[in-house]
Protein chains: 2
Amino acid sequence: MTKLVQITQPLREWMDVFMHRSMRGWAQFAKSTGLSMPQLSILMQLHYKGACGLSEISERFDVSAAAASQLADKLVQSGHIERTEDPNDRRAKLLRLSPSGEELVNDGVEERYRWMEDLSTGLSADDRAKVLEALTILTRAAQQLNDKK
Amino acid sequence: MTKLVQITQPLREWMDVFMHRSMRGWAQFAKSTGLSMPQLSILMQLHYKGACGLSEISERFDVSAAAASQLADKLVQSGHIERTEDPNDRRAKLLRLSPSGEELVNDGVEERYRWMEDLSTGLSADDRAKVLEALTILTRAAQQLNDKK
DNA sequence: GCATAAAGTTAAGCGCGCTTAACTAAAAAG
DNA sequence: CTTTTTAGTTAAGCGCGCTTAACTTTATGC
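Residues numbered from 1 in each chain as written. Chains lettered and ligands numbered in written order. Predicted model: local features only at pLDDT ≥ 70, side-chain atom pairs only at ≥ 80, totals over all residues.

(A) Molecular detail of the protein's contact with DNA strand C. Near DNA strand C, the surroundings consist of 25 residues, among which Ser36 and Ala66 of chain A together with Gly53, Ser55 and Ala66 of chain B are the closest. Classifying every residue of the surface near DNA strand C gives 10 nonpolar, 8 polar and 7 charged. (Near = placed C-beta within 6 Å. Nonpolar A, V, L, I, M, F, W, Y, C, P; charged D, E, K, R; others polar.)

Listed below in structure tokens is the structure:
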């Protein structure tokens, strides 16, 4: 237990800093692009998980099919996504990022990365190596935790 | 430059995992409490930065004074914050978390922490020590970066 | 002391995200 | 081959967050 107590404090401090930073950052980015958070979330989803149908959007974001359809509509109209027919199922539509949508998400993600990269470039080579190793450990642990559940 | 290239990849992977996780988590938490994200953000603010006036809310969230006032209204009505007079300036109001508001934010924060603590408890003592050290380094670096700007 | 600035409130109005309900069309099940 | 399920759309309606505009009250600057 003493080990856990020891690690708890730094863990929490880091999470506070990082969560604050990234949430603020995304909110600002959304505002700067004129997108709402739900719209931006859909773009992010398509970026990270690839093209999918509307029902998948509706499920992952826990909203009605109608809501998903309407959100997608706006994103099509603003040119950020493309809605094509699914060749395997003529009921379904395939949503995918348009080139401009892809660029937009990339810009947002890059902006977010930049802060952390600035952080790491200010470190000594030694510290940077430690951070690198720790993040690799954490990322792997997160994947394992995800797989289990 | 090779050092930077080396660290870039793990940094980005970790950020992807962590940002995803925390954003999803907060969105779900907001939904479960019946609060909107703007409302929750104000509660978080009061939690981390302490009581403040409406003008400060309006400034930090980049919304009009009217918007801030109305949001505060709802939070008062739902019992999450208290709006009292500022003894030093009779124009100003002081917003602070009510006990129930404090509890709500704490619950949300705890929930967020838990994931990361679960992550770290799955690690070997050795890895945990490395993570601990790295996060301490990063937190300090973040504070320095903040101070500079 | 008087004009100006600052803090907050209230009201009208707009777009958005969301829901339910009613619908079309295609796939799956029997 | 008919019934049921699944994917998606459209329309009506609601609450919310936000803005501008008009206003009150208190503090500040000259």
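(B) Examining the packing of helix H2 (residues 37–49) of chain B against helix H4 (residues 65–77) of chain B more closely. Residues and elements named next belong to chain B. One way to put it is that H2 packs onto H4 with a least axis distance of 10 Å and a crossing angle of 80°. The pairing of H2 with H4 is recorded here as roughly perpendicular in orientation. Residues Pro38, Gln39 and Ile42 of H2 form the contact with H4, whose participating residues are Leu71, Lys74 and Leu75. (Axes fitted to C-alpha atoms, helices over the stretch in contact; angles between N-to-C directions. Helix = DSSP H or I, 4+ residues; strand = E, 2+ residues; numbered from the N terminus. Parallel < 35°, antiparallel > 145°, perpendicular 65-115°, else oblique. Contact = placed C-beta atoms within 7 Å.)

(C) Seen up close, the protein's contact with DNA strand D. In the vicinity of DNA strand D there are 25 residues, among which Gly53, Ser55 and Ala66 of chain A together with Ser36 and Ala66 of chain B approach most closely. Looking at the surface near DNA strand D, the elements with two or more residues in it are helix H3 (54–60) and helix H4 (65–77) of chain A together with H2 and H4 of chain B.

(D) Representation of the relation of the copies chain A and chain B. With an axial shift of 0.0 Å and an RMSD of 0.0 Å, the rotation relating chain A to chain B amounts to 180°. With respect to symmetry, the two chain copies, as superposed, fit the operation of a two-fold axis. Taking C-alpha positions as the reference, the residue of chain A nearest the rotation axis is Ala134 of chain A, at 3.1 Å. Counting the interface residues of chain A, we find that 98% of their copies in chain B are interface residues as well, pointing to one common contact surface. (Least-squares fit on C-alpha atoms with pLDDT ≥ 70 in both.)

(E) Geometry of the interface of chain A and chain B. At the junction of the two partners, chain A supplies 45 residues and chain B supplies 44 residues. The set of elements that each furnish at least two residues to the side of chain A that touches chain B consists of helix H1 (2–33), helix H5 (99–121) and helix H6 (125–148) of chain A. Taken together, the residues of the side of chain A that touches chain B sort by class into 26 nonpolar, 9 polar and 10 charged.

(F) The arrangement of helix H5 (residues 99–121) of chain B in detail. With 23 residues, H5 of chain B extends 31 Å from end C-alpha to end C-alpha; this agrees with the ideal 33 Å at 1.5 Å per step. Three or more residues of H5 of chain B are buried, namely Gly101, Leu104, Val105, Gly108, Met116, Leu119 and Ser120 of chain B. (Expected span 1.5 Å × (residues − 1). Buried ≥ 20, exposed ≤ 12 C-beta atoms within 10 Å, placed from the backbone.)

(G) Just H2 of chain B, in detail. Between its first and last C-alpha atoms H2 of chain B spans 18 Å; for 13 residues at 1.5 Å apiece the expected length is 18 Å, and the two agree. Where H2 of chain B terminates, the next one or two residues include Gly50 of chain B, which has phi positive at roughly 85°.

(H) Local environment of the environment of Glu117 of chain B. Here Glu117 of chain B is to be found in helix H5. Given 17 C-beta atoms within 10 Å, Glu117 of chain B falls into the partly exposed group. Between the alpha carbons of Glu117 of chain B and Lys49 of chain B there is a distance of 24 Å; along the sequence they are 68 residues apart. In this structure, Glu117 of chain B is in contact with Thr8 and Leu11 of chain A, ignoring residues within four places of it in sequence.

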